[in-house]
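Analysis of the macromolecular model
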Amino acid sequence: MAKPGETLLAVEGLNSYYGDSHILFDVAMTVARGEVVALLGRNGAGKSTTMKSLMGAVRPRSGSVKLEGEDLAGRKPHRIAAAGIQLVPEERRVFGSLNVEENIVLAGVSAPARWPLDRVYAMFPRLKERRLSRGTDLSGGEQQMLAIARALARDPKIVLLDEPFEGLAPIIVHELVRTVHELAAAGQTIVVVEQNLAAALGLASRAYVLNNGHVVYEGTTAELRATPDVLHRYLGV
Amino acid sequence: MLNWANLVSQLFNGLATGALLALIASGLTIIYGTLGVLNLAHGAMFMLGGYAGWVVYQWTGSFALAVLGASAFLVIVGAILELVVIRRFYGRPGEDQILVTFGLGIVIVELVRRAFGSLSLTLPAPAWASGITSLGFMLYPTYRIALIGIVAAALLALYFVLYRTKLGLIVRAGIEDAGMVDILGVDVGKVFMVVFGIGAMAAGFAGAVNAPVVSLTPDGGDAILIETFVVVVIGGVGSFFGAVLGGLIAGEILSLTSMVDPAYSQFALFAAMTLVLVFRPQGLLGAAGRE
């Protein structure tokens with residue numbers, strides 16, 4: 001029933017606000033099943049707000065977020081999570097007072113389907129070694145692994161990775177990029193926001209560029225690489 | 001004047017008071033930690049537990065049923081208050097939450113006064129724990145010894161729920177970051193209702209088991225509310241172990257200073273809280289950054 005290539009997520013006319021400030025203007029995007037899509041733009045372009053709006057952590061004022069045709073816009077995060085969207089937030093938000101395993105188990109508590117712990121640990125052997133360490137005792141890279149592991153434990157239809165490589169040492173970034181590649185190769189649908197343009201373009205097959213809350217470009221990453229004025233104007237490269 | 005038997009007896013009193021404060025404070029601290037609401041009606045919950053126990057005792061003549069009935073009643077009262085009132089205040093400023101819970105406390109106290117009058121009521125200790133027990137070096141009321149055991153068992157049960165169950169896992173995570181718990185698919189609204197119910201139950205259970213050693217009055221929760229706040233501040237907001245440690249410390253301070261001069265016991269308690277706030281603002285076992 002679930003064929004790769006068919007539309008999984010369709011976002012239309014999304015408008016979000018922080019208080020009175022209008023942040024997103026009619027954002028539209030589609031993500032096909034099994035696809036990795038990058039969301040690019042400068043700081044403050046609205047990338048994180050888009051991710052939070054898809055998750056319901058920011059409630060969009062208008063527009064639709066359809067997952068397999070079902071409109072999720074306006075629902076609470078736990079209902080959107082139950083439908084199969086899972087955000088890995090920029091701040092990671094690992095539970096510091098819980099140990100690694102408790103963090104993963106908690107994520108799976110309410111999931112309709114979930115990864116067994118062994119499968120999570122097979123993807124992140126480092127987390128298995130640290131399974132009884134508290135969240136606060138983890139390095140930044142380990143926290144990011146845990147944040148991703150927690151999302152995967154819920155076996156989501158689509159994972160939203162918000163700045164997964166931010167502030168991490170290059171060797172850790174390298175390792176995480178490989179992990180995300182493995183996930184993509186296994187058919188996991190991913191939307192990734194990333195400042196590290198090389199990493200983002202290396203992962204994604206298509207990209208959307210946001211500027212001041214508007215989608216100003218969409219295309220394949222190959223096309224984007226060949227469009228230096230977009231890269232220059234909106235991404236400062 | 002100062003002799004060993006007296007000192008040990010006061011240490012015992014301190015333990016009994018401290019265990020009770022620990023139980024009440026653990027309810028207050030998990031509510032504040034998870035919901036972010038400082039529940040000024042918590043003393044009224046404690047008082048209500050005593051009265052609910054008294055009512056059930058009149059019907060059944062059973063102390064155990066009185067305690068169980070009071071606990072069950074307070075879970076329901078807590079859950080309903082969360083659903084009907086508290087829930088509407090999560091997005092509002094702290095002052096509003098303080099005012100509404102303070103108001104709820106007054107309403108509950110006055111409803112009890114209207115129903116039962118201001119005269120004090122008494123709930124007898126269960127037959128198996130009445131009388132006096134000789135500990136060899138001193139005589140001590142049997143029920144007070146039993147009370148220490150009962151409250152310790154309740155704290156252990158609370159520990160089990162918090163640290164050995166899925167619900168406890170969700171509550172501990174919710175104390176840290178309720179928004180992330182929601183993102184991970186858990187309906188935090190329901191969890192908040194359960195937490196408020198459990199917190200109210202802890203206070204109500206304490207009120208019921210403490211009833212045989214005090215006289216029940218509608219204002220009986222006022223003093224305990226303030227002491228409970230001090231316990232939470234000393235132990236660290238949102239920390240169950242902090243509430244237990246803070247409760248025991250506060251109990252011993254109250255008890256030992258009243259041996260010297262009861263007039264100074266409250267003063268000593270606040271002095272201890274001030275010291276903690278100066279040297280460790282997050283409380284003895286509180287996480288830094290949650291002050």
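Right above here is the structure, for reference.
Please read all numbers here as calculations on a predicted model, not as lab measurements.

**What about the sheet that holds strand S4 (residues 62-67) of chain A?**
All names here are of chain A. The antiparallel open sheet is built from four strands, whose spatial order is S2-S1-S4-S5. Because the sheet does not close on itself, it has two edges, and the strands there are strand S2 (21-32) and strand S5 (70-71). Inspection of the sheet shows strand S1 (residues 7-18) paired to S4 by five bridges, in the antiparallel sense. Bridging from a neighbouring strand, Asn 15 pairs with Ser 62 of S4. Here helix H1 (residues 47-55) sits on the sheet and contacts S1, S2 and S4; the angle it forms with S1, its principal contact strand, is near 110°.

**Regarding the environment of Phe 124 of chain A**
Residues and elements named next belong to chain A. Along the chain, Phe 124 turns up in the loop between helix H4 (117-123) and helix H5 (125-129). Residue Phe 124 is classed as buried on the basis of its relative accessible area of 2%. In this structure, the C-alpha to C-alpha distance between Phe 124 and Ile 80, residues 44 residues apart in sequence, is 26 Å. When neighbours within four sequence positions are excluded, Phe 124 is seen to be in contact with Met 145, Ile 148, Ala 149, Leu 152, Leu 176 and Thr 179.

**A closer look at the packing of helix H8 (residues 222-235) of chain B against helix H10 (residues 265-279) of chain B**
Residue and element names in this part refer to chain B. In the contact formed by H8 and H10, the axes pass within 9 Å of each other and the chain directions differ by 25°. Judged by the angle between their axes, H8 and H10 are roughly parallel. Note on packing geometry: the crossing formed by H8 with H10 is left-handed. Residue-level inspection shows Ile 226, Glu 227, Val 230, Val 233 and Ile 234 of H8 in contact with H10, the latter providing Gln 266, Leu 269, Phe 270, Ala 272, Met 273, Val 276 and Leu 277.

**Looking at the side chain of Thr 101 of chain B**
Residue and element names in this part refer to chain B. As for its position among the elements, Thr 101 is in helix H4 (residues 94-116). Separated by 3.2 Å, the side chain of Thr 101 and the backbone oxygen of Ile 98 make a polar contact. Sequence-distant contacts of Thr 101, defined by excluding residues within four places in its chain, comprise Val 37, Leu 38, Asn 39, Leu 40, Ala 41 and Ile 86.

Here is what the cut-offs are and how they apply
- Counting restarts for each chain: residues are numbered from 1 in the order of the written sequence.
- Note on labels: chains are lettered from A, ligands numbered from 1, in written order.
- Only residues with pLDDT of at least 70 are given local features in this predicted model, and only at 80 or more are side-chain atom pairs given and counted; all residues enter the totals for whole chains, interfaces and linings.
- Excluding hydrogens and water, the side-chain values take into account all heavy atoms of the structure.
- Following DSSP output, two strands are said to pair if at least two bridges run between them.
- Working definition: helices are DSSP H or I runs of at least four residues, strands are E runs of at least two. Numbering for both runs from the N terminus.
- Throughout, a contact is declared for two residues whenever any of their heavy atoms are within 4.5 Å.
- The angle between two axes is taken between their N-to-C directions and runs from 0 to 180 degrees, where each axis is a line fitted to C-alpha atoms and a helix contributes only its stretch in contact.
- A simple rule labels every residue: compare its accessible area, found with a 1.4 Å probe on the protein chains alone, to the largest value its type can have, and call it buried under 20%, exposed over 50%, or partly exposed in between.
- Angles below 35 degrees are treated as roughly parallel, those above 145 as roughly antiparallel, those between 65 and 115 as roughly perpendicular, and all remaining angles as oblique.
- Handedness of each helix crossing follows the sense of rotation of the near helix against the far helix: counterclockwise by less than a right angle gives left-handed, clockwise gives right-handed.
- Two N or O atoms count as a polar contact when they lie within 3.5 Å, although within protein this holds only if one can serve as hydrogen donor and the other as acceptor, and sequence-adjacent residues are included solely when both atoms are side-chain atoms.

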